[in-house]
Amino acid sequence: MDTDALKRMAAEAALDYIQPGMVVGVGTGSTSNHFIDALGRAKISVEGYVPSSIGTAERLKSLGLRVLDLNDTGDIPVYVDGADEIDPHFRLIKGGGGALTREKIVASAARRFVCIADHSKDHAKLGSFPLPVEVLPFARSFVARQLVKLGGNPSLRNSFTSDNGNVILDVVGLDLSDPVAMESKINSIPGVLDNGIFALRRADVVLLGSPEGVIRRS
Ligand code: 5RP
């Protein structure tokens, strides 16, 4: 089975967590796109969807699904999103698609975070995938120097501006053996909006598409 089919399998399994009347947070990326398409087919009578990016909002709208503003909802019962890496404690690296800041906000507003991915995202520890860090353009060079002091090797993501008007530094070489500490340390650098470590708000449920079927962990 190809990777895309495994992503679709995980995304379709996430429908089990959606109940009529809910407000549902929706992630960004190719796996989340499969989830949106599954929602379009399932036609569950939810209250609406809070998107984590402009792209996700547009895809939801194109399928006639009701998009809500996070400022108009209370806490969200469930958030469904993909990941670039998942560790055994459900801590994640996200932001391959550059939507990490809004993704973390919606995930943090959610009572349950269901992470959907193909099984290649399952790792014994975090750190193979370059860590995305969203940075105010004004602070790019300063933040890059601070990331070097933390042991990282940052590179500017080419021709990319986030939905919030910012740049992304992709950082390799950081020691992520204590993901909570590194998440906080990077976010304390002035000019950083957020980084792609999801350890303070990790996933609650992980659904992995694999050739043997969907692996469910909670
Ligand atoms: C976007 C993300 C995505 O969830 C992550 O990059 C996984 O993407 P895909 O589902 O395309 O493999 O964090 O910012």
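Values in this document were obtained by computation on a predicted structure and should not be read as measured data.

K.L.:
How would you summarise the sheet that holds strand 1 (residues 23-26) if you had to cite specific residues and measurements?
P.N.:
Spatially, the 6 strands line up as an open sheet ordered 2-1-3-6-12-13, and their pairing is mixed. Only two strands of the sheet have a single partner each, and these edge strands are strand 2 (48-51) and strand 13 (213-217). Direction aside, neighbouring strands of the sheet carry axes that sit 20 degrees apart on average. Note: strand 1 against strand 3 (residues 76-81), 3 bridges, orientation parallel. Directly across from Val24, in strand 3, lies its bridge partner Val78. Against the sheet, helix 1 (residues 3-13) engages strand 6 (110-118), strand 12 (205-210) and strand 13, with an angle of about 145 degrees to strand 12. Against the sheet, helix 4 (residues 100-109) engages strand 1, strand 2, strand 3 and strand 6, with an angle of about 140 degrees to strand 3.

K.L.:
So, the site of the ligand: which residues are in play, and what are the values?
P.N.:
Taken together, 18 residues lie around the ligand, and Gly29, Thr31, Gly82, Gly96 and Gly97 are the ones closest in. Listed by contribution, the elements that provide at least two residues to the shell around the ligand are helix 2 (30-42) and helix 4. At 3 residues, the largest contribution of residues to the shell around the ligand is made by helix 2. Class assignment of the residues belonging to the shell around the ligand gives a composition of 3 nonpolar, 11 polar and 4 charged.

K.L.:
A description of helix 2 should follow, citing residues and the corresponding values.
P.N.:
With 13 residues, helix 2 ought to run about 18 Å at 1.5 Å a step, and its terminal C-alpha atoms sit 18 Å apart, in line with that. Looking only at helix 2, the buried set comprises Thr31, Ser32, His34, Phe35, Ile36 and Leu39. On its buried side, helix 2 packs onto helix 1, strand 1, helix 3 (54-62), strand 3 and strand 6.

K.L.:
Quick rundown of the nonpolar core? Include the residues and the values.
P.N.:
One finds Ala10, Ala14, Val80, Cys115, Ile116, Val133 and Leu169 to be the most contacted residues of the largest nonpolar core, which totals 59 residues. In terms of residue count, the dominant contributor to this core is strand 6 (6 residues). Apart from the residues within four sequence positions on either side, Val133 is in contact with Leu147, Ile168, Leu169, Val171, Ile186, Val192 and Asn195.

K.L.:
Describe in detail the sheet that holds strand 9 (residues 167-172), supporting the description with residues and values.
P.N.:
Sheet strands associate in pairs through backbone hydrogen bonding, adopting either a parallel or an antiparallel arrangement. The sheet built from 4 strands is open, its strands ordered 8-9-7-10 with antiparallel pairing. Looking at which strands have only one partner, the edges of the open sheet turn out to be strand 8 (153-156) and strand 10 (192-195). Averaged over neighbouring strand pairs, the angle between their axes works out to 30 degrees when direction is ignored. Direction of pairing for strand 7 (residues 131-135) relative to strand 10: antiparallel, over a ladder of 3 bridges. By the bridge assignment for strand 10, Val133 is matched with Asn195. Strands in contact with helix 4 are strand 7 and strand 10; relative to strand 10, the strand with the most contacts, it is inclined by about 70 degrees. Against the sheet, helix 6 (residues 179-187) makes contact with strand 7 and strand 10, and its axis sits at roughly 165 degrees relative to strand 10, the strand it touches most.

Definitions and limits used
- As a convention, each chain's residues are numbered from 1 in the sequence order in which they are written.
- The model is predicted, so local features are restricted to residues of pLDDT at least 70 and side-chain atom pairs to those at 80 or more, both for listing and for counting; the totals for chains, interfaces and linings are taken over all residues.
- A pair of strands is considered paired only if DSSP assigns at least 2 bridges between the two.
- Helix and strand labels come from DSSP, where a helix needs a run of H or I of at least four residues and a strand needs a run of E of at least two; each type is numbered from the N terminus.
- With axes taken as lines fitted to C-alpha atoms, and helix axes fitted only over the stretch in contact, angles between N-to-C directions fall between 0 and 180 degrees.
- By the convention adopted here, residues are in contact when the distance between their C-beta atoms, placed from the backbone, does not exceed 7 Å.
- Only the C-beta atom matters for this test: placed from the backbone, it must lie within 6 Å of a molecule or strand for the residue to be near it.
- When residues are sorted by character, Ala, Val, Leu, Ile, Met, Phe, Trp, Tyr, Cys and Pro go into the nonpolar class, Asp, Glu, Lys and Arg into the charged class, and all the rest, Gly among them, into the polar class.
- Expected span, for any helix, means 1.5 Å times one less than how many residues it has.
- Counting other C-beta atoms within 10 Å of a residue's C-beta gives its exposure: the residue is buried at 20 or more, exposed at 12 or fewer, and partly exposed in between, where C-beta atoms are placed from the backbone.
- Among buried residues, those of type Ala, Val, Leu, Ile, Met, Phe, Trp, Tyr and Cys that are joined through C-beta atoms within 7 Å form a set called a nonpolar core.

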